[in-house]
Structure formats: structure tokens, C-alpha cells
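An overview of the molecular structure
Chain residues, written in single-letter form:
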Amino acid sequence: MNGSNILLPRRRFLTGAALGGSGLLLSGCDALTENPGFRSLLRTGEALNKGAHRLIMDRGALAREFSESDMSPVFKANGSISGGTPEYAAHVADKFVRWSLRIDGMVKNPQNFDLKTLMAMPSREQITRHDCVEGWSAIGKWRGTPLRLLLQAAGLSTRARYIVFHCADQWGPGVPYYESIDLIDAFHPQTILAWSMNDGILPVKHGAPLRLRVERQLGYKQAKYVMRVEATDDLSKFYGGKGGYWEDAHDYDWYAGI
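Now for a description of the structure that goes with this document. (Residues numbered from 1 in each chain as written. Predicted model: local features only at pLDDT ≥ 70, side-chain atom pairs only at ≥ 80, totals over all residues. Heavy atoms only, no water.)

1. Overview of the nonpolar core
By size, the foremost hydrophobic cluster in this structure holds 43 residues, and its most contacted members are Leu101, Leu147, Ile163, Phe165, Leu193 and Val229. Among the elements of the structure, strand 1 (100-105), helix 5 (115-120), helix 6 (147-154), strand 5 (162-170), strand 6 (176-182), strand 7 (192-197), strand 10 (226-232) and helix 8 (245-250) are those that each provide at least two residues to this core. The residues contacting Phe165, other than those within four sequence positions of it, are Leu147, Tyr177, Tyr178, Glu179, Ser180, Ile181, Leu193, Leu212, Ala223, Val226, Arg228 and Val229. Listed in part, the 9 residues of the second largest apolar core include Cys132, Ala138, Trp142 and Ala194. (Core = buried A, V, L, I, M, F, W, Y, C linked by side-chain atoms within 4.5 Å. Buried < 20%, exposed > 50% of the residue type's maximum accessible area, 1.4 Å probe, protein only. Helix = DSSP H or I, 4+ residues; strand = E, 2+ residues; numbered from the N terminus. Contact = heavy atoms within 4.5 Å.)

Pasting the structure below:
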């Protein structure tokens, strides 16, 4: 099953493309996104995109889930496919035995979870469609730990507004990959930190040992190689200040709801 024909008309409306929004135009190879004036115009569409989406969509509703017969025979590995740092390569070499996920920031009790502990916690399995901003879609099966359980275990502060995901991969000297979501998406039942894909251990090319699945948003929000989860009340203090690598570097929308 190919979700592209379903996705494109819906994306055209929800991203406010007819109003100057950026959703259809944000392709990784689109030269227009490198033009400062054009990028400034794209930024004006994000508020319209977010407002329209919240107006017509219940953000607490579940994304569509599929059956095993709908799963794509090939699920493209996009973006970074190797982690790209010596530290990450060492974790791959020892099969993540010494790896742990850090939960900190605006929490009462910062926590570290090794992979074995995460896999022993209550988990959720879901078969969902991954929609890439470049125009392709694929359906895969994910299993992982609900993010809300980890935030609750760490004692999330009532002052926190966002959750930031710090990743192992680097996109240039001193430019780590990161992403962020708000608490509505963080506590959504389908938002998980996935350690399994298609009934196997999550492959390195898809973000092992842990990747974010926030099923109500486009693919670039699904951060791979997650190493640290930080709660905060302000995104402006992180890196380029816009809440994510693609947002900082290429003016992608921070809110990529579909």
C-alpha cells in the first residue's frame, strides 16, 4: 500500500501551502530553501499551519494504524544512516551494552535507563505510516517505551513546556542533530521511543538503539540515535533556537503535524 496519494492533498491543506506555507516546498534538494528571502516567506506559514491543524484536528486522536499485510516491503533509511561519531561506533561495536538514555532538564529526579531496562518496561506496538517531507511514505511496525512513562519516572516539572531529543549523529563540526516536541505530543499514547522495528531489533540505519516515533508529525521529527531527553521551558537556548536541526538549518516548520 502506498500512502503518498492519500498524503499529498491532505498535506497541501494542513501545511497551508496555498497560503504560503512551507510543507510542500521543503525538499532536501530544493534550491529555493537556500534563498534567504524565500526562507523568510516560508517562516510566515508555520503559525498558519499549526493553527489550521489544531482547528480541524484533535491532537489527542490516534494516527491511523495498519495491519501487517499493509507493511511496506522496503522502508527507506533516510538522512544519517550510521550515527557518524567514534563514540556511537563504540556503542555499535559492543551492541549497546554500555549505552544508556539520560532523562534530565526540568525534572525532579534525572534518570538513566540502559537498553535492557527500557525493553523490560511496559511497551507499545504500532503499525503506522511514516510520511517524509520529500514526498515518499512507508508503513512499518514499531515497538518501544511510551515517552510519558519515562517523563513520569523522572518527575517532569510543571514548568516544562517542551521535550528536546539530543542525538548521537553530527551534521557538521559542532552541529549535533536534535529535535523537540511539546507536551501534547510527548504524552500522546502513540509517542514512543522505539527499540524494535518490524519484529526485530531496531537497525543502525534506522536509528539504533532508540528513535522517536511521534506519529502525528512528518518524518523529520522522528529523531534517530536518541541519547538524551531533556525537559525545558524554552527552545531558544538550544543550538540555532528553532527547536530542531532542520528548523535551524533550513527553516523547516517546527510543528510538522499531518
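Alright, that's what it looks like, and here's the rest.
2. Looking at the side chain of Asp131
Position of Asp131 among the secondary structure elements: in strand 3 (residues 124-131). In terms of polar contacts, Asp131 uses its side chain to reach the side chain of Arg129, at 2.8 Å. (Polar contact = N/O pair within 3.5 Å; in protein donor to acceptor, adjacent residues only side chain to side chain.)

3. Here we look at the pairing of strand 7
In terms of burial, strand 7 is largely enclosed, as 6 of its 6 residues are buried. Where strand 4 (residues 137-146) and strand 7 come together, 5 bridges link them in antiparallel fashion. Bridge assignment links Trp142 to a residue of strand 7, and that residue is Met197. Pairing analysis gives 3 bridges linking strand 7 to strand 9 (residues 211-213), with the strands arranged antiparallel. By the bridge assignment for strand 9, Ile192 is matched with Arg213. Relative to strand 8 (residues 200-201), strand 7 runs antiparallel, the two sharing 2 bridges. Considered in strand 8, the bridge of Ser196 is made with Ile201. The antiparallel hairpin formed by strand 7 and strand 8 contains 2 residues in its connecting segment, where Asn198 sits at a positive phi of about 50°. (Pairing = 2+ DSSP bridges.)

4. Some words on the sheet that holds strand 10
Strand order in the open sheet formed by 5 strands is 2-1-10-5-6, and the pairing between neighbours is mixed. Lying at the two open borders of the sheet, with one neighbouring strand each, are strand 2 (111-114) and strand 6. Across the sheet, the mean angle from the axis of one strand to that of its neighbour is 20°, orientation sign disregarded. Bridge count for strand 5 against strand 6 is 6 bridges, and the pairing is antiparallel. Bridging across to strand 6, Tyr162 finds its partner in Asp182. (Axes fitted to C-alpha atoms, helices over the stretch in contact; angles between N-to-C directions.)

5. A closer look at the pairing of strand 6
Burial runs high along strand 6: 7 of the 7 residues are buried. Neither face of strand 6 is exposed, since Pro176, Tyr178, Ser180 and Asp182 on one face and Tyr177, Glu179 and Ile181 on the opposite face are all buried. The hairpin formed by strand 5 and strand 6 contains 5 residues between the paired strands, and Gly172 there has a positive phi angle of roughly 135°.

6. Re the pattern of salt bridges
One pass over the full model with this rule turns up 16 salt bridges. Salt-bridge contacts for Arg143 lead to Glu125; the nearest nitrogen and oxygen are separated by 3.2 Å. Of the two residues, Arg143 sits in strand 4 while Glu125 sits in strand 3, which places them 18 residues apart along the sequence. Among the residues examined, Arg143 registers a relative accessible area of 26% and is labelled partly exposed. Note that Glu215 and Arg213 form a salt bridge whose closest N and O atoms lie 3.0 Å from each other. (Salt bridge = Lys/Arg side-chain N within 4 Å of Asp/Glu carboxyl O.)

7. Observations regarding the side chain of Glu230
Relative to the elements of secondary structure, Glu230 occurs in strand 10. When its relative accessible area of 13% is taken as the criterion, Glu230 is described as buried. Among the polar contacts made by the side chain of Glu230, one reaches the side chain of His166 at a distance of 2.8 Å. Residue contacts for Glu230: discarding those within four places in its chain leaves Asp104, Gly105, Tyr162, Ile163, Val164, His166 and Phe238.

Interpretation note: all reported values are geometric properties and have no functional meaning in isolation.
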